[in-house]
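Examining the three-dimensional arrangement
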Amino acid sequence: MERKIHQGRNLKRFREMLGIKQEALALDLGDEWNQKKVSLLEQKETIEDPLLKRISEVLKIPVEAFQNFDEEEAINIIASNFHDNATGVIVNNYNPIDKIIQLHEEKIALYERMLKEKDDMMSRLEELIKRK
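The present account deals with the structure reproduced in this document. (Residues numbered from 1 in each chain as written. Predicted model: local features only at pLDDT ≥ 70, side-chain atom pairs only at ≥ 80, totals over all residues. Heavy atoms only, no water.)

The next subject is the overall build of the chain. The helix and strand tally for the chain stands at 7 helices and 0 strands. Listed by position from the N terminus, the elements making up the chain come as α-α-α-α-α-α-α. In the chain, which comprises 132 residues, the proportion classed as buried is 21%. For the chain, long-range pairs separated by at least 24 residues make up 65% of all intrachain contacts whose partners lie at least 6 apart in sequence. (Helix = DSSP H or I, 4+ residues; strand = E, 2+ residues; numbered from the N terminus. Buried < 20%, exposed > 50% of the residue type's maximum accessible area, 1.4 Å probe, protein only. Contact = heavy atoms within 4.5 Å.)

As structure tokens, this is what we get:
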């Protein structure tokens, strides 16, 4: 049984994932658009191709995403991959504060080396000046 893709619902999902409000999308679509019109559009099962192309350009999402995205299928794929790969989870056990302290200490050591090189260079220059 072929499942019908609800393009309006896909529009809503992608818009929400991007954190864009209906009002903001309406502004980007043009003067004839408002929040209510976007809300009605999100209820439509099929969106006209020219309009879908315009929305695609505004949201920077391929037209095919609106036309082909099936939420149930995506959830099934994610669920099966999660269960198959659950043993391959990588845990990051380093403390970020320790990393900051380490970087700070490396920075201080570098600065001290640079100062020592500057002092050595100054000494060599002073010797050259005395010889002349």
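There's plenty left to go through after this.
This part covers the nonpolar core. Residues L11, L25, W33, L41, I55, L59 and F66 are the most contacted members of the largest nonpolar core, which totals 17 residues. Residue assignment for this core shows that the elements contributing at least two residues are α1 (7-17), α2 (22-29), α3 (35-41), α4 (49-59) and α5 (63-68). For this core, the element with the most residues is α4, which contributes 5 residues. Setting aside residues no more than four positions away along its own chain, L41 makes contact with G8, L11, W33, I47, L51 and I55. (Core = buried A, V, L, I, M, F, W, Y, C linked by side-chain atoms within 4.5 Å.)

With that out of the way, let us pick up α2. Those residues of α2 that sit buried are Q22, L25, A26 and L29. Mapping the buried residues of α2 onto a view down its axis gives an arc of 105°, with all of them on the same face. Buried residues along α2 sit against α1, α3 and α4. Immediately beyond the C-terminal end of α2, within one or two residues, lies G30, with a positive phi of roughly 135°. (Arc of directions from axis to C-beta.)

Attention now goes to the pattern of salt bridges. Within this structure, the stated rule accounts for 7 salt bridges. In this structure, E42 and R15 form a salt bridge, with 2.5 Å as the shortest nitrogen-oxygen distance. Of this pair, E42 sits in the loop between α3 and α4 while R15 sits in helix α1; the two residues are 27 residues apart in sequence, bridging distant segments of the chain. As far as burial versus exposure is concerned, E42 and R15 are alike and both buried. Among the ionic pairs, E48 bridges to K44, the shortest N-O distance being 2.6 Å. (Salt bridge = Lys/Arg side-chain N within 4 Å of Asp/Glu carboxyl O.)

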